[in-house]
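Structural features, examined
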Amino acid sequence: MKTAGSKYADMPKPLWLLAELTYACPLQCPYCSNPVDMANYTRELTTEEWFKVLREARELGATQLGFSGGEPLTRPDLEELIAEARRLGYYTNLITSGVGMTEERIKAFKEAGLDHIQVSFQASSQELNDFIAGTDAFQHKLEMARAVKRNGYPMVLCFVLHRHNEDQVEDILELAIALEADYVELATTQYYGWAMHNKEQLLPTREQVERAEAIAHRYQEKMKGKMRIFYVVPDYYEDRPKACMNGWGNVFLTIAPDGAALPCHSARQLPGVELVNVRDHSIEWIWYESPLFNMFRGYDWMKEPCRSCDEKEKDFGGCRCQAWMLTGDPRNADPVCSKSPHHQELLDEVARIEADAMNPDVPEKPLVFRNMRTSKALIGDKPERDTTTA
Amino acid sequence: MEHAFQPGQKPSIRSGFRFQWEPAQERHVLLYPEGMVKLTASAGEILKRCDGEHTVAEIVEELKQQFPGVDLEADVYKFLEVADENGWIEVR
Ligand code: SF4
Ligand code: SF4
């Protein structure tokens with residue numbers, strides 16, 4: 001195999017490739033991080049086009065590969081894509097809701113060389129799970145999680161936490177133990193895409209978060225050596241931001257269903273972004289040369305307080321999308337940081353949402369569920385923003 | 001000195017983990033669900049032999065032949081301990 005040319009020897013490599021195969025999904029999670037205007041990007045890459053992406057990214061050094069979406073199971077060529085990825089030497093991860101899965105397919109994936117399956121649950125009880133998912137899925141998910149283990153895969157169970165299930169953490173962990181998960185991700189809702197749209201109804205209270213954290217830590221101790229539990233504190237309640245994507249254009253390469261190459265899954269929304277598509281360019285050019293991947297790479301783009309901050313190598317100034325959504329300028333420090341001049345605004349907003357959530361006189365707004373119909377309605381008659389030039 | 005491993009034990013890479021050479025990085029890596037450990041050259045040499053066939057004593061012997069004059073026995077035992085604590089290897 002060819003290795004990356006010496007021209008780029010000192011540059012970071014895209015070790016992690018996230019292949020978002022489709023935005024189609026039978027579920028309707030209101031916390032979904034897919035873009036709200038996803039109905040604009042339905043011209044999916046073909047099997048051959050994905051083969052090209054896999055091959056080129058692997059040549060640059062990509063090693064971990066996640067098949068996600070949407071629901072990747074809706075792609076009938078998933079088996080073929082897995083087989084090709086495995087042949088190229090990727091460690092292949094399937095990130096799925098389990099809806100649309102059958103034991104037959106689990107077996108076929110194994111034959112194709114799939115290394116690991118992550119199944120997401122919406123909650124630990126049927127009632128809440130199916131309400132959040134917007135469909136009856138819980139029983140089938142249980143069956144599929146058991147089938148994943150039966151077929152010898154390592155299994156990650158993923159639960160996205162928010163106000164409506166944050167108090168179930170203990171039950172969630174018990175469910176994970178019963179299903180013999182190898183890893184559990186208690187993934188805090190990140191406010192992008194649909195989640196941002198539903199922020200007022202999803203943000204947990206600080207008290208909920210503290211309780212959940214204590215429980216997660218107790219189980220981490222208890223399950224040591226048997227099951228690994230990852231718990232990420234919601235960053236709205238922190239005073240330093242997350243090292244988003246481990247730095248822009250540093251490790252992660254996301255390819256959206258329509259072939260748009262993105263440094264993070266929500267980069268499409270940033271102002272001034274010139275989108276690049278794998279239909280028009282090589283992955284090598286996209287990763288090393290494109291304006292998009294160099295936009296926030298390294299530290300030169302930073303403004304104060306990040307520019308002269310001695311912590312910038314730790315968190316890269318946080319998340320560009322969050323800076324854009326919350327301060328109006330993607331070059332600002334992520335306002336989660338207490339050094340950001342916008343930090344107080346974030347605290348005030350969180351306090352207001354919390355107060356409303358606990359005040360019985362404030363009527364609860366309904367959740368907006370993620371589906372193509374709603375996406376089209378939210379887009380209104382804005383013109384399509386296709387990313388190919390062909 | 002007490003070791004967690006016995007010379008006759010046969011360690012192997014834990015199931016669900018994959019050990020492989022990465023040409024682009026010019027090193028061995030250990031892959032697991034959504035994660036990767038980048039290995040140093042010596043860790044790579046040891047894990048390469050954790051195949052469920054070699055005993056710990058044989059691993060030490062082979063490495064001694066490959067790197068003559070280096071006293072590496074204690075390092076091998078120590079690394080295996082760390083690898084075990086991290087759940088990278090298992091002994092059946
Ligand atoms: S978060 Fe829910 S709706 Fe979004 S892709 Fe995943 S399963 Fe589908
Ligand atoms: S000022 Fe910027 S670089 Fe410093 S800790 Fe805050 S976000 Fe990170």
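These figures come from a predicted structure and were not determined experimentally. (Residues numbered from 1 in each chain as written. Chains lettered and ligands numbered in written order. Predicted model: local features only at pLDDT ≥ 70, side-chain atom pairs only at ≥ 80, totals over all residues. Heavy atoms only, no water.)

**Looking at the overall build of chain A**
In terms of regular secondary structure, chain A is built from 15 helices and 10 strands. Here the C-alpha atoms of chain A give a radius of gyration of 21 Å, agreeing with the 21 Å that 2.2 N^0.38 yields for 390 residues. Structurally, chain A occupies a C-alpha span of about 60 × 55 × 50 Å along its principal axes. When the 390 residues of chain A are sorted by exposure, 58% land in the buried category. Taken as a whole, chain A presents about 16,200 Å² of accessible surface, with 51% of it coming from carbon and sulfur. (Helix = DSSP H or I, 4+ residues; strand = E, 2+ residues; numbered from the N terminus. Rg over C-alpha atoms; globule rule 2.2 N^0.38 Å. Buried < 20%, exposed > 50% of the residue type's maximum accessible area, 1.4 Å probe, protein only. Areas by Shrake-Rupley, 256 points an atom, 1.4 Å probe, with all protein chains shown as cover.)

**Regarding the site of ligand 1**
Near ligand 1 you find A:Cys25, A:Leu27, A:Gln28, A:Cys29, A:Tyr31, A:Cys32, A:Asn34, A:Gly70, A:Ser97 and A:Arg370, and these make up its full shell. Class assignment for the residues of the shell around ligand 1 results in 5 nonpolar, 4 polar and 1 charged. (Near = heavy atom within 4 Å. Nonpolar A, V, L, I, M, F, W, Y, C, P; charged D, E, K, R; others polar.)

**Points about the nonpolar core**
Among the nonpolar cores identified, the biggest contains 119 residues, and A:Leu17, A:Phe67, A:Phe121, A:Leu186 and A:Ile255 are the most heavily contacted of them. Setting aside residues up to four positions removed in sequence, A:Leu186 forms contacts with A:Phe159, A:Leu161, A:Val169, A:Ile172, A:Leu173, A:Ala216, A:Ile229, A:Phe230, A:Tyr231 and A:Val232. Judged by nonpolar contacts, the second largest core, of 25 residues, contains A:Tyr183, B:Ala43, B:Ala83 and B:Trp88. (Core = buried A, V, L, I, M, F, W, Y, C linked by side-chain atoms within 4.5 Å. Contact = heavy atoms within 4.5 Å.)

**Things to note about the interface of chain B and chain A**
In this complex, chain B contributes 15 residues to the contact, which on the side of chain A involves 22 residues. Together, the buried faces of chain B and chain A total about 1,600 Å²; carbon and sulfur atoms form 57% of this surface. In this structure, the connection of chain B to chain A is made through 2 salt bridges. Note that B:Arg18 is salt-bridged to A:Asp115, the shortest N-O span being 2.6 Å. On inspection of chain B and its partner chain A, the count reaches 11 residue pairs in polar contact (both at pLDDT 80 or more). Mapped by element, the contributors of at least two residues to the side of chain B that touches chain A are β2 (18-22), β3 (27-32) and β4 (35-38) of chain B. (Buried area = accessible area lost by both parts, 1.4 Å probe. Salt bridge = Lys/Arg side-chain N within 4 Å of Asp/Glu carboxyl O. Polar contact = N/O pair within 3.5 Å; in protein donor to acceptor, adjacent residues only side chain to side chain.)

**Observations concerning the packing of aromatic side chains**
According to the stated counting rule, one finds 12 aromatic pairs over all chains in the structure shown. With 5.3 Å between their ring centres and 25 degrees between their planes, B:Phe17 and B:Tyr32 make a pair best called stacked. Of the two residues, B:Phe17 sits in the loop between β1 (11-13) and β2 while B:Tyr32 sits in strand β3, which places them 15 residues apart along the sequence. We classify B:Phe17 as buried; its relative accessible area is 14%. Ring pairing ties together the aromatic residues A:Phe121, A:Phe138 and A:Phe159, which thus form one cluster. Over the ring of A:Tyr153 we find A:Lys110, and its NZ or CZ is 4.3 Å from the ring centre. (Phe/Tyr/Trp six-rings, centres within 6.5 Å; stacked < 30°, edge-to-face > 60°. Lys NZ or Arg CZ within 6 Å of the ring centre and 35° of its normal.)

**A word on the confidence of the model for chain A**
On average, chain A scores 87 in pLDDT, and the residues at 70 or more come to 96%. In the predicted structure, residues 383-390 of chain A sits below a pLDDT of 50 and forms 20 contacts with residues beyond four places in sequence or in another chain. (pLDDT = per-residue confidence, 0-100.)

**Some words on the site of ligand 2**
Surrounding ligand 2, one finds A:Arg240, A:Pro241, A:Pro305, A:Cys306, A:Cys309, A:Glu311, A:Lys312, A:Asp315, A:Gly317, A:Cys337 and A:Lys339. For the shell around ligand 2, the residue count by class is 5 nonpolar, 1 polar and 5 charged.

**Considering the environment of A:Arg218**
Along the chain, A:Arg218 turns up in helix α9 (residues 206-222). Given a relative accessible area of 47%, A:Arg218 falls into the partly exposed group.

**Considerations on the pairing of strand β8 (residues 252-255) of chain A**
Two faces make up the sheet, and in a regular strand the side chains alternate between them. Residues and elements named next belong to chain A. Of the pairings in the sheet, the one linking strand β1 (residues 16-20) to β8 comprises 4 bridges and is parallel in character. Looking at the pairing, alanine 19 lines up with isoleucine 255 of β8. Sheet topology note: the β8/strand β9 (residues 260-262) ladder contains 2 bridges and is antiparallel. Counterpart to isoleucine 255 in the pairing with β9 is alanine 261. Linking two consecutive strands that pair antiparallel, namely β8 and β9, is a turn of 4 residues; a positive phi of about 95 degrees is found at glycine 259 within it. (Pairing = 2+ DSSP bridges.)

**Things to note about helix α1 (residues 41-48) of chain B**
The complete set of buried residues in α1(B) reads B:Ala43, B:Gly44, B:Glu45, B:Ile46 and B:Leu47. Buried positions along α1(B) lie against β1, β2, β3, α2 (56-66), α3 (73-85) and β5 (89-91) of chain B.

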